[in-house]
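Chain and residue survey
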Amino acid sequence: MLEEKIFLKKDLDKNMKNYDFIGLKKSLEFTSEDIVKKITDSGLRGRGGAGFPTGKKWQFALSQESDVKFLICNADEGEPGTFKDRFLLENMPFKVLEGIIIAAYAVKANYGYIYIRGEYSKAIDIFERTIKDAYHMGLLGKNILGSNFDFELKLIKGAGAYVCGDETSLINSIEGKRGFSRIKPPYPVQRGLFDMPTIVNNVETLATVAEIMKYDENIYATLGTEKSRGTKLVSISGDVKLPDVYEIEFGSGTLSDIVKLAGGERGELSFVVPGGLATSILKNDELDVLYTYEDLEEAGSSVGSGGMIVVSKDHDLVDILLNVSDFFVKETCGTCFPCREGNRNIKEILLKLKRKGFKEEYKKTIGELREAILLAARCGFGQSSVNFIYSVLDKFFHEEVI
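This write-up is about the structure you can find in this document. Worth saying up front: this structure is predicted, and the values here are computed from it rather than measured.

1. Focus on helix α15 (residues 387-396)
Counting buried positions over the ten residues of α15 gives eight, a clear majority of the element. Along α15, the residues that are buried comprise Asn387, Phe388, Ile389, Tyr390, Ser391, Val392, Leu393 and Lys395. Packed against the buried residues of α15 are β7 (269-273), β8 (282-283), α11 (317-331), α12 (337-356) and α13 (360-376).

2. A word on the nonpolar core
Soluble globular proteins: nonpolar side chains tend toward being buried together. Ranked by size, the top nonpolar core spans 63 residues in total, and within it Trp58, Ile100, Ile114, Phe127 and Phe151 carry the most contacts. A total of eleven residues in this core trace back to one element, the largest contributor, which is helix α5 (residues 93-107). Once residues lying within four places of it in the same chain are set aside, the contact partners of Ile114 are Cys73, Ala75, Leu89, Ile100, Phe127, Ile131, Leu153, Lys154, Leu155 and Ile156.

3. Section: the side chain of Thr332
For Thr332, the location among the structural elements is in the loop between α11 and α12. Only 3.3 Å separates the side chain of Thr332 from the backbone nitrogen of Gly334, close enough to count as a polar contact. Ignoring any residue separated from it by four or fewer positions in sequence, one finds Thr332 in contact with Cys339 and Arg340.

4. Brief notes about the pattern of salt bridges
Enumeration over the complete set of coordinates arrives at 26 salt bridges. Taken together, the shared-partner salt bridges in this structure form one network comprising Asp11, Lys14, Lys95, Glu211 and Lys214.

5. Side note on the packing of helix α4 (residues 84-91) against helix α8 (residues 203-212)
Contact pair α4 / α8: the axes reach a minimum separation of 9 Å and the direction vectors enclose 50°. By the angle between their directions, the pair α4 and α8 is classed as oblique. In this structure, α4 uses Lys84, Asp85, Leu88 and Leu89 to contact α8, whose residues at the interface are Val203, Glu204 and Ala207. Split into classes, the residues belonging to the contact of α4 with α8 amount to four nonpolar, no polar and three charged.

6. Considering unusual backbone geometry
Residue Pro185 is reached from Lys184 by a cis peptide bond, and omega for that bond is -10°. When you line up the elements, Pro185 lands in the loop between α7 (167-174) and β4 (198-202). Here the amide bond leading from Pro185 into Pro186 is cis, since omega sits at 5°, within 30 degrees of zero. With respect to the helices and strands, the residue Pro186 is situated in the loop between α7 and β4. We note that Asp11 has phi near 75°; this positive angle belongs to a residue other than glycine. Tracing the sequence through the fold places Asp11 in the segment before α1 (22-27). The backbone of Asn148 shows a phi angle near 70°, a positive value even though the residue is not glycine. One can find Asn148 in the loop between α6 (121-136) and β3 (152-157). On the basis of relative accessible area, Asn148 is assigned to the exposed category, the value being 68%.

The rules behind these values
- Residues numbered from 1 in each chain as written.
- Predicted model: local features only at pLDDT ≥ 70, side-chain atom pairs only at ≥ 80, totals over all residues.
- Heavy atoms only, no water.
- Buried < 20%, exposed > 50% of the residue type's maximum accessible area, 1.4 Å probe, protein only.
- Helix = DSSP H or I, 4+ residues; strand = E, 2+ residues; numbered from the N terminus.
- Contact = heavy atoms within 4.5 Å.
- Core = buried A, V, L, I, M, F, W, Y, C linked by side-chain atoms within 4.5 Å.
- Polar contact = N/O pair within 3.5 Å; in protein donor to acceptor, adjacent residues only side chain to side chain.
- Salt bridge = Lys/Arg side-chain N within 4 Å of Asp/Glu carboxyl O.
- Axes fitted to C-alpha atoms, helices over the stretch in contact; angles between N-to-C directions.
- Parallel < 35°, antiparallel > 145°, perpendicular 65-115°, else oblique.
- Nonpolar A, V, L, I, M, F, W, Y, C, P; charged D, E, K, R; others polar.

Following this line, the structure appears as structure tokens:
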């Protein structure tokens, strides 16, 4: 029986007054290079969905020579089925804050923002109080804890656009512009917010940094597998008996084990979405795959954001497809023509499928649109917008030939 591996979820019973900020205090005794090396050695990968190595990102940021750098905590958690960042913001804001300060110190950024999606009103209220308390406690502002390090942090409320989870769209939003992606390069670490070097990290990534820096040894590097180090917060929803946020050590169990950990499925299981609607589904007979980046990729899906959705056979597949398609039609920023028009065409095809029944040509056309969007869209959300729809068609819909 799979059990949670509690690493990041430690200190759930703490608050700003009795949390010791050990990771921050130790970090302020190190050089930036020492911190970046420890994070690199830990094997931590970004937890927002792309999985880019955090240490490598920080190395790029640290190497940028500029008097002004920005650190942004991306809390615009818009991926359907994902609520692990909300869990951290509401229950352990002090650890998120600690990770933000450590990251800023490591890349030599003196200004920062936390960008929280507007629908997270409770999280926004909590973090506003956290920032206010932090200034009173000397954790933000001038000469933090007597270290000669200065860091100012502001909270920005998002307006509910899915695309603003993309780092360049988020940067545009903070600048007061419409939330759409930028062409890369230059990358944000080179020219980001207000054309200055900018590092953007996810909430879970930064909270994990705080926990890693708490220990003298690099405990995180000993957890998980060689290619998937540490633990991951998985938010499970849908047709399970105990939907919640669970902390899973990579490689310690299969998708099937995680479903059982969440109380097991309700109804007869049809498929699982491992990492949010941007990832491909795995059917009920494909769930004996280890929960790691490498195993899920080999199985044709990915860890994604960690938003696992369990779906039983009680639902109409075409209705689900139309619901997901409608989401991406409404949420595309419209900048890239193939993403904007491709997703609209896919919805029209699915409506035709609903009226007239399935034909192989529908799947073929949607597959071609998926390829075009993948090649032309300049942000990850456009590139992954058809994964769910195509995987459902591919695995469940077959034209009966008489």
